[in-house]
Amino acid sequence: MTESDVLVIGSGLAGLRCALTIAERADVIVLTKKGPSRGSTAWAQGGISAVLDADDSVDLHVEDTLRAGAGLCDESIVRATCAEGAAVISDLQALGVEFSGGSAPDLGREGGHGRRRIVHAGDHTGASIHEAVLRAVEEHPRIRLLPDHFAVDLIVERREQGRSRCLGAFVLHSTTGVIESFGARRTILATGGSGKVYLYTTNDDVSSGDGVAMAYRAGCRVANLEFCQFHPTCLYHPHAKSFLISEAVRGEGGILLKGDGGRLMEGQHPQGDLAPRDIVARAIDRHMKESGEDCVYLDVTRHDDGFLRERFPTIHERCAELGIRIGEQPIPVVPAAHYQCGGVLADLSGRTDLDGLLAIGEVACTGMHCANRLASNSLLEAAVMAHRAAALTLDELAQPEADARPELPSWDVGAARPSDETVVVTHSWEEIRRFTWNYVGIFRSDTRLKRAQRRIALIEEEIKDYYWRFIVTPDLLELRNLAHLSRLVIESALSRKESRGLHCNLSHPATLPELARPTVLVRPTEGEVPLLVTDEGPTA
């Protein structure tokens, strides 16, 4: 058994920045299931939204965020987050992040924003931020960073009176196959999103919904999982492997074109090519289905090659490697799963339904993004939550524990044996990702969702049997989490009988004012089907 004051699960911006602050006064262990540089933070190209220009204001940023969120955002959460944007930028600069423009950052613009407020480091903002924060973590004497450590499940003390309490987690050492109990006074989930539940995604392979699945199994409510954001412009090329073309390209005047050269977004939205992501992704998907074309095109040839090389060095280089000269020809693009707008129900400090457990960053659902995330608000929220969760954690650690901590259980292997049927894992993984893409993607219908519901029920039964008969592996754990996450997404989507934001149900095309509320699911005490929590109480 390994113990620490605080256990952080995840090594993106939210987890690392939170760990750094907590380590000023407590010992921290940070787990990352593969290398610490894997995950969405390091892949983020665009930037962080922050009000820094005299022509901008927090009110305007809030207004843009609420509009993008399609009526479900919590305005108090949005306002509190947007108000901290300038402080977040100053903090990251103090850690050594060098943004374009130096001390007076160059401000870009992205879809849904009415002003230039995207602070960036070329088109590799996430990588620049992650490198600086990771370096500080690795140098800190009170932080232990453990790669190749995969959290299997949370360890929970069930209480007859009051809230249950998280005591830590069972953790698989991926290289040795040993599962160990990690105990902590506070556990912080910062595991990121779930893009790998879909066949096509901009996410790293580690984004398999682990945190949401673990928290749900432990008894936490989850919310708004029907709202998965599809990024409109993923590079379409057989050798690109879902390489993202930043929304900032459209912010600098990039125009979406059909195969015949006509403007795709003309007449689609008042903001045209700078419409919010849900609008643009649907327009592209609809055109591709109607025309039979494999992709659309993003034209940025209005700029000379020198500007493009300086403003978008990563995109320029990668496209050139694939034979695409972006200063001379349009870039072929398609939508791909990008960001999980729902997650573990939490407040802005990360509090969840379990004492001792916080959830921060993309894994959390705070009321900030809801039905659709405004571009570049994700890193902002991650940093804000990291600071607030750290402050809350330090306050709580300073208080004496009301109850003694019980001895942690050890992992019981039981009669499990090494698997000789790994093809089951591979096949089920592929099947889940394909039917979620086809049935639970940009456009849904009741018929498609019910097909997906039937299929996931069968697959989950197979995985459950496999999980208890064989010794667990990282691949099996990811499959188990993906299956659980898929079921929650499907159940959430079926329960929302309307179209709103990222959830477009062809069976219910209207947006209904009476459904302007979050979709909240809770695990029942018996059985497997999630319960929908409404204003009137839980329903099956």
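Being a predicted model, the structure only gives us computed values, none of them experimental.

## Points about a positive patch on the surface
Here is step 1 of the chain: Together, Lys450, Arg451, Arg454 and Arg455 line one region of the surface with positive charge.
Here is step 2 of the chain: Within the element layout of this structure, Arg454 appears in helix 14 (residues 446–469).
Here is step 3 of the chain: Taking the relative accessible area as the measure of exposure, Arg454 reaches 52% and is therefore exposed.

## Side note on the environment of Leu145
Here is step 1 of the chain: Structurally, Leu145 is set in strand 6 (residues 143–147).
Here is step 2 of the chain: Separated by 116 residues in sequence, Leu145 and Ile29 have C-alpha atoms that sit 6.0 Å apart.
Here is step 3 of the chain: Setting aside residues up to four positions removed in sequence, Leu145 forms contacts with Val30, Thr32, Pro36, Leu134 and Glu138.

## Quick word on the side chain of Ser376
Here is step 1 of the chain: Relative to the assigned elements, Ser376 resides in the loop between strand 17 (364–365) and helix 12 (378–397).
Here is step 2 of the chain: Residue Ser376 is classed as buried on the basis of its relative accessible area, which comes to 4%.
Here is step 3 of the chain: If near-sequence neighbours (up to four positions away) are discounted, Ser376 is found in contact with Gly46, Gly47, Ile48, Ser49, Glu110, Ile118 and Arg277.

## So, the sheet that holds strand 3 (residues 48–49)
Here is step 1 of the chain: What the three strands build is an open sheet, ordered 3-5-4; its pairing is antiparallel. Bordering the open sheet on either side are strand 3 and strand 4 (107–108), each of which pairs with just one other strand.
Here is step 2 of the chain: As judged from the two bridges shared by strand 4 and strand 5 (residues 118–119), these two strands associate in the antiparallel manner. Bridging from a neighbouring strand, Leu107 pairs with Val119 of strand 5.

## A few points about the packing of helix 14 against helix 15 (residues 474–495)
Here is step 1 of the chain: At a minimum axis distance of 9 Å, the contact between helix 14 and helix 15 shows a crossing angle of 150 degrees. In terms of their interaxial angle, helix 14 and helix 15 are classed as roughly antiparallel. Handedness of the helix 14/helix 15 crossing: left-handed. Contacts from Asp446, Leu449, Lys450, Ala452, Gln453, Ile456, Glu460, Ile463, Tyr466 and Tyr467 in helix 14 reach Leu476, Leu477, Leu479, Arg480, Ala483, His484, Ser486, Arg487, Ile490, Glu491, Ala493 and Leu494 in helix 15.
Here is step 2 of the chain: The residue inventory of the contact of helix 14 with helix 15, partitioned by class, reads 13 nonpolar, three polar and six charged.

Here is what the cut-offs are and how they apply
Residues numbered from 1 in each chain as written. Predicted model: local features only at pLDDT ≥ 70, side-chain atom pairs only at ≥ 80, totals over all residues. Heavy atoms only, no water. Patch = residues over 30% accessible without salt bridge, like charges linked within 9 Å, V, L, I, M, F, W, Y side chains within 5 Å. Areas by Shrake-Rupley, 256 points an atom, 1.4 Å probe, with all protein chains shown as cover. Salt bridge = Lys/Arg side-chain N within 4 Å of Asp/Glu carboxyl O. Lys, Arg positive; Asp, Glu negative; His and termini not counted. Charge placed at Lys NZ, Arg CZ, Asp CG, Glu CD. Helix = DSSP H or I, 4+ residues; strand = E, 2+ residues; numbered from the N terminus. Buried < 20%, exposed > 50% of the residue type's maximum accessible area, 1.4 Å probe, protein only. Contact = heavy atoms within 4.5 Å. Pairing = 2+ DSSP bridges. Axes fitted to C-alpha atoms, helices over the stretch in contact; angles between N-to-C directions. Parallel < 35°, antiparallel > 145°, perpendicular 65-115°, else oblique. Left-handed = near helix turned anticlockwise from the far one by under 90°. Nonpolar A, V, L, I, M, F, W, Y, C, P; charged D, E, K, R; others polar.

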